[in-house]
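Per-entry structural report
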Amino acid sequence: MKMQAKTARRTAAGVAMMAALATGGMVVAQDDDAAATARDTTVPAAAATRSGGDYVDLVAQLSPAVVTIEVTKSQPVSAEGGPQGAFPWEEFMERFGMPMPHGQMPGPGGPGGPRGPMQGAGTGFVISADGQIVTNAHVVSGADTVTVKLEDGRSFDGEVKGIDEATDLAVVEVDAEDLPHVTFGDSTELRVGQNVIAIGNPFGLGNTVTTGIVSALGRDINAGPFDDFIQTDAAINRGNSGGPLFNEAGEVVGINTAIISPTGGSVGIGFSVPSEIASDIVADLADDGEVTRGWLGVQIKPVSDEVAQALGFETPRGVMIERVTRDTPARAAGLEPGDIVTSVNGQEMEGPRDLTRAIAIERPGAEVDITFLRGGKEQSVTVTLGDRADMPA
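Here's a quick rundown of the structure. The structure displayed is predicted, hence computed values, not measured ones.

1. Let's talk about the overall build of the chain
The number of helices and strands found in the chain is seven helices and 22 strands. Summarising the internal contacts of the chain: among those between residues at least 6 apart in sequence, 67% fall at separations of at least 24. Of the accessible surface of the chain, which amounts to about 17600 Å², a share of 47% is contributed by carbon and sulfur atoms.

See the structure below:
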């Protein structure tokens, strides 16, 4: 499907990616006095239960698997010769009442002096004892160095195993053994109003726990072609990027990725990539560093109100095929412009996003059953999907 994957962006409504990089300067230093703890700290989900109406025991078990990811990136220079995207230190200090830390000025000569590499920090979480770590793509994309810091004070050099910009997910690896780690849960079982817990590294302060509820499911914030976000009111701020969203069983049900905010800080509207999507993407990245997606080879658009009325639909549903590209799986299967796709493998298609996801989650070479309307009559066809790396569906 000819829909280019888009990196997350700020929308007119104020959607702000929680870019963890404090461009132009380091984040606030963390306390280095954390004592080393026992190494065998695997987090069994069965043991993660509430105690006395709070999350004290649960957080104690989960926190060791949540890590800080510090990165350095070469600083781009604008046409005027200055750095692009310099970190707003004055605004930061005014908002949070913090002095600029010693040795962490935007450049060796302070503001206006020579500029060094951009430095910043985000969050990640360990998913295997041998050092596989999940975070956001925008945290580590383009990084020259990646350092992973554990809650117990240990620090490791990280290697970016793979990045998927379309879902804003990345896998980082460290050379370690017996790391505390957590597991993915089933985000499809989430319900609006359900309690969730976010752990992350806001503004470089170190592991911070916030709680809230699932505010909504299936949110599309125009961040990419696979938007299907969990919305939560658990406080999420800059630096929380890549951190886990847990259910009360201690399972990761989301990866915190974006916020809507007029100020850049949490206003109770945060978004997480659901584990239903993330677990498959992470497995792909951990395997060979790449994500392979099925490809159909069509341009699509929503079904208009007029067409829906003509078909007898109460509301528009399905996906209109606008154009079929030559030498594609869609053309080989006989799909034509004007066909309205109503289901894929028995799953109803409400709009273009549904079709994009339904095709992209399949592997190249997979056979999918597509039901469509042509001239008001229902037909079905089996399509063998192709592989187009730059076309996510």
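2. Some thoughts on the nonpolar core
Counting residues in each nonpolar core, the largest one holds 29 residues, and the members touching the most others are F125, V182, F246, I255 and V273. When contributions to this core are tallied by element, the ones reaching two or more residues are helix 1 (56-62), strand 8 (169-173), strand 9 (195-200), strand 13 (252-260), strand 14 (270-274) and helix 4 (275-288). With five residues, the single largest contributor to this core is helix 4. With sequence-adjacent residues up to four places away left out, I255 is seen in contact with F125, V134, N136, L169, F184, G242, G243, F271, S272, V273 and A278.

3. Quick notes on helix 4
End to end, helix 4 covers 20 Å across 14 residues, agreeing with the expected 20 Å (1.5 Å per residue, within 8%). Residues of helix 4 that are buried: S275, I277, A278, I281, V282, D284, L285 and A286. Residues of helix 4 that are buried sit in contact with strand 4 (132-135), strand 7 (159-164), strand 8, strand 13, strand 14 and helix 7 (352-360).

4. What to know about the pairing of strand 13
Counting buried positions over the nine residues of strand 13 gives eight, a clear majority of the element. Pairing of strand 13 with strand 14, which is carried by five bridges, proceeds in the antiparallel orientation. Along strand 14, the bridge assignment pairs G254 with P274.

5. Some remarks on the pattern of salt bridges
Taken as a whole, this structure holds seven salt bridges when the rule is applied. Of the charged contacts in the structure, one is a salt bridge between D164 and R293, with a shortest N-O distance of 2.5 Å. Here D164, found in strand 7, pairs with R293, found in the loop between helix 4 and strand 15 (294-295); they are 129 residues apart in sequence, far enough to count as distant. The two residues D164 and R293 agree in class, both being buried. Across the pair R374 and D339 runs a salt bridge, and its minimum N-O distance is 2.8 Å. Taken as a pair, R374 in strand 20 (residues 367-374) and D339 in the loop between helix 6 (329-333) and strand 18 (340-344) lie far apart in primary sequence, 35 residues in all. Residue class for R374 comes out partly exposed when judged on its relative accessible area of 25%. It is possible to trace a salt-bridge network through shared partners that takes in E336, D339 and R374.

6. Details of unusual backbone geometry
Of note in the backbone geometry, D178 takes a positive phi value of approximately 55 degrees without being a glycine. Summarising the element assignment, D178 is placed in the loop between strand 8 and strand 9.

7. Quick look at the packing of aromatic side chains
Evaluation of the coordinates by the stated rule reveals two aromatic pairs. Both rings, one in F125 and one in F184, keep their centres 6.0 Å apart while their planes meet at 80 degrees; by these two values the pair is edge-to-face. Of this pair, F125 sits in strand 3 (residues 118-126) while F184 sits in the loop between strand 8 and strand 9, and the two are 59 residues apart along the sequence. The class of F125 is buried, set by a relative accessible area of 0%. Relative accessible area serves as the criterion here: at 24%, F184 is assigned to the partly exposed category. A cation over a ring is seen here: R317 above F313, with NZ or CZ 4.0 Å from the ring centre.

8. A short note on the sheet that holds strand 4
Spatially, 6-5-2-3-4-8-7 is the arrangement adopted by the seven strands of the open sheet, whose pairing is antiparallel. Where the open sheet ends on each side, the last strands, each with one partner, are strand 6 (155-157) and strand 7. Adjacent strand axes in the sheet meet at a mean angle of 30 degrees, parallel and antiparallel pairs treated alike.

So, how was this worked out
Residues numbered from 1 in each chain as written. Predicted model: local features only at pLDDT ≥ 70, side-chain atom pairs only at ≥ 80, totals over all residues. Heavy atoms only, no water. Helix = DSSP H or I, 4+ residues; strand = E, 2+ residues; numbered from the N terminus. Contact = heavy atoms within 4.5 Å. Areas by Shrake-Rupley, 256 points an atom, 1.4 Å probe, with all protein chains shown as cover. Core = buried A, V, L, I, M, F, W, Y, C linked by side-chain atoms within 4.5 Å. Buried < 20%, exposed > 50% of the residue type's maximum accessible area, 1.4 Å probe, protein only. Expected span 1.5 Å × (residues − 1). Pairing = 2+ DSSP bridges. Salt bridge = Lys/Arg side-chain N within 4 Å of Asp/Glu carboxyl O. Phe/Tyr/Trp six-rings, centres within 6.5 Å; stacked < 30°, edge-to-face > 60°. Lys NZ or Arg CZ within 6 Å of the ring centre and 35° of its normal. Axes fitted to C-alpha atoms, helices over the stretch in contact; angles between N-to-C directions.

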